[in-house]
Amino acid sequence: MRERIAIIDGVRTPMAKAGGILQEISADTLGTHATRELLNRTGFDPAEIDEVIFGNVAQPADAANVSRVIALRAGIPINIPAYTVHRNCASGMEAITSGALKILNGSAQVILAGGTESMSNIPLMFNRQYVKWAAGMARAKTTGQKLGQLLKFRPKMLKPVIGVMQGLTDPVSGMMMGDTAEVLAREFAVTREEQDEYALLSHERAIAAADQGLFEREIMPIPLPPKNDTLVESDQGPRRGQSMEALAKLKPYFDRQAGTVTVGNACPITDGAAALLLMSESGARKRGFEPLGYLKEFAYASLEPERMGLGPAYATAKLFEKTGGSMSDFDAVELNEAFAAQVIANERAFPSQQFAETYLNRSKPLGELKREILNAQGGAIALGHPVGMTGTRLVLHLLLELRRINRNSGLATLCVGGGQGAALHLEVA
């Protein structure tokens with residue numbers, strides 16, 4: 001990029017497992033909370049925002065173009081446009097990079113970008129049989145026609161289509177996301193014990209970070225309906241006292257016979273939202289802002305849907321094509337923990353000469369993905385993965401982590417359902 005994009009500040013809501021403490025709060029309300037708090041913290045005049053962009057995957061039926069709903073409810077003037085982006089798990093990053101491109105091409109100076117998801121509120125749907133039957137009932141005019149249609153009813157028609165399960169299933173490969181993790185576990189010989197060990201580490205790191213107050217800067221408390229007299233102030237996912245013994249008791253969830261992926265070594269389905277304020281580096285300087293950090297460069301890549309968990313390796317390779325960099329450039333890495341098997345597969349792919357030559361068309365490997373700087377405060381296995389929000393959270397947390405450790409350069413990356421990957425190079429100075 002010809003100029004870095006300044007990330008002035010950011011904020012996120014706490015995260016909670018779907019069906020849990022945030023289940024009564026919609027995706028647009030979560031996003032509204034984050035947007036209002038961001039504007040309050042920065043003191044930025046919302047009338048100076050050129051556009052609002054939010055990532056969201058499970059588009060709410062009652063809040064079409066959820067970004068516009070968020071903007072209006074957060075008090076952003078009615079004349080400021082907004083649109084929603086969807087790149088599955090990278091939607092929160094897509095909002096940032098779409099905003100960055102608008103700033104770089106001169107069509108905007110200030111963008112409010114974020115991501116939101118209420119996986120609690122992904123609906124149950126009627127199946128095709130019931131829809132067809134109900135349409136027949138609606139068309140029936142006479143009593144005889146109505147009785148005839150009524151006799152065609154079968155109880156099995158009421159079997160619901162579970163929206164979240166359908167959304168987590170790739171229609172091209174026919175695999176659920178957990179099945180793709182099993183593919184990588186086999187390809188990279190990742191054992192069940194290794195996956196459980198990684199999951200335990202994620203919980204331990206997240207608990208330690210929470211106890212040290214390391215999430216307080218990024219999390220805003222949000223009130224619980226209906227009375228709004230109780231605040232949720234912290235993430236609900238990390239488990240105190242998690243153990244290898246407890247993880248070992250869990251049965252494989254996707255491949256019941258020979259699998260290794262369980263609900264314990266995979267990320268939970270989660271609710272949450274995050275928001276960032278973006279402008280050019282020169283624009284931030286003119287306005288007198290001291291940004292939280294900068295987006296230096298980014299890349300998206302694609303691969304087979306059934307191997308989607310390797311998206312970070314493919315996207316990072318493409319990022320290095322732009323920057324000429326290597327993994328030694330980074331002082332911290334945030335790689336979304338969709339599944340422990342997927343993270344470990346990337347740990348093995350990144351330094352592999354054979355993988356680089358066979359799959360990345362590179363003469364040398366990407367470099368080591370060092371665990372000591374990887375997800376240092378835990379990741380999605382403990383914290384959760386609200387699919388439309390995660391990309392934004394990774395960027396926010398990585399910048400704060402770089403500032404905490406007094407280092408400059410970091411990589412935020414994730415895999416994307418459907419066979420894609422995203423990688424962002426971030427700096428704080």
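Quick notes on the rules
Residues numbered from 1 in each chain as written. Predicted model: local features only at pLDDT ≥ 70, side-chain atom pairs only at ≥ 80, totals over all residues. Heavy atoms only, no water. Axes fitted to C-alpha atoms, helices over the stretch in contact; angles between N-to-C directions. Helix = DSSP H or I, 4+ residues; strand = E, 2+ residues; numbered from the N terminus. Parallel < 35°, antiparallel > 145°, perpendicular 65-115°, else oblique. Left-handed = near helix turned anticlockwise from the far one by under 90°. Contact = heavy atoms within 4.5 Å. Nonpolar A, V, L, I, M, F, W, Y, C, P; charged D, E, K, R; others polar. 1 Å grid on protein atoms, 1.4 Å probe; cavity = no way out; pocket = protein on both sides within 12 Å on 5 of 7 lines; lining within 4 Å. Points joined across faces, edges and corners; volume = space filled by probe spheres on them. Buried < 20%, exposed > 50% of the residue type's maximum accessible area, 1.4 Å probe, protein only. Core = buried A, V, L, I, M, F, W, Y, C linked by side-chain atoms within 4.5 Å. Pairing = 2+ DSSP bridges.

Here's the deal with the packing of helix α4 (residues 128–139) against helix α5 (residues 143–150)
And then number 1: In contact at an axis separation of 9 Å, α4 and α5 are set at 170° when each is read in the N-to-C sense. Between α4 and α5, the angle falls in the class roughly antiparallel. Seen along the crossing, α4 lies across α5 with a hand that is left-handed. Of the residues in α5, those in contact with Lys132, Trp133, Gly136 and Met137 of α4 are Lys146, Gln149 and Leu150.
And then number 2: Its residues assigned to classes, the contact of α4 with α5 shows three nonpolar, two polar and two charged.

Brief notes about the layout of surface pockets
And then number 1: Volume-wise, the second largest pocket comes out at about 240 Å³.
And then number 2: Lining of the second largest pocket is provided by 14 residues; of these, Ala210, Phe215, Glu233, Ser234 and Asp235 occupy positions nearest its centre.
And then number 3: Per-element accounting of the lining of the second largest pocket gives the leading share, four residues, to helix α8 (residues 192–211).
And then number 4: Of the residues assigned to the lining of the second largest pocket, the class counts are eight nonpolar, one polar and five charged.

So, helix α2 (residues 66–73)
And then number 1: Three or more residues of α2 are buried, namely Val66, Ser67, Val69, Ile70 and Ala71.
And then number 2: Looking at the buried positions of α2, the neighbouring elements they touch are α1 (27–42), β3 (51–55), β4 (82–85) and β5 (110–118).
And then number 3: Of the residues one or two after α2, Gly75 is the one with positive phi, at around 90°.

A closer look at unusual backbone geometry
And then number 1: Residue Pro226 is bonded to the preceding Pro225 through a cis peptide linkage, with omega at 10°.
And then number 2: The topology assignment puts Pro226 in the loop between β8 (222–223) and β9 (231–232).
And then number 3: Phi is positive for Asn228, close to 55°, though the residue is something other than glycine.
And then number 4: Tracing the backbone through its elements, the reader meets Asn228 in the loop between β8 and β9.
And then number 5: Look at Asn406: it is not a glycine, yet its phi comes out positive at around 60°.
And then number 6: Following the sequence through the fold, Asn406 ends up in the loop between α15 (390–404) and β13 (409–416).
And then number 7: Residue Asn406 is classed as exposed on the basis of its relative accessible area, which comes to 63%.

So, the nonpolar core
And then number 1: Core analysis: the largest hydrophobic core is formed by 45 residues, its most contacted members being Phe188, Leu310, Met327, Val333, Phe339, Phe355 and Leu366.
And then number 2: The set of elements that each furnish at least two residues to this core consists of α7 (177–187), α8, β11 (293–302), α11 (311–323), β12 (332–335), α12 (340–349) and β13.
And then number 3: Those residues in contact with Phe339 that sit more than four places away from it in its chain are Met177, Gly178, Ala181, Phe254, Val261, Asn265, Ala266, Met308 and Ile381.
And then number 4: If you look at the next biggest cluster of nonpolar residues, it comprises 35 residues, including Ala108, Leu292, Leu394 and Leu426.

Observations regarding the pairing of strand β1 (residues 5–12)
And then number 1: With eight of eight residues buried, β1 is to be regarded as a mostly interior element.
And then number 2: Of the strand pairs in this sheet, β1 and β11 are connected by three bridges, and their pairing is antiparallel. Bridged to Ala6 within β11 is Tyr294.
And then number 3: Here β1 runs beside strand β10 (residues 270–280); their pairing, made up of seven bridges, is antiparallel. Residue pairing for β10: Ala6 is matched across the bridge by Met279.

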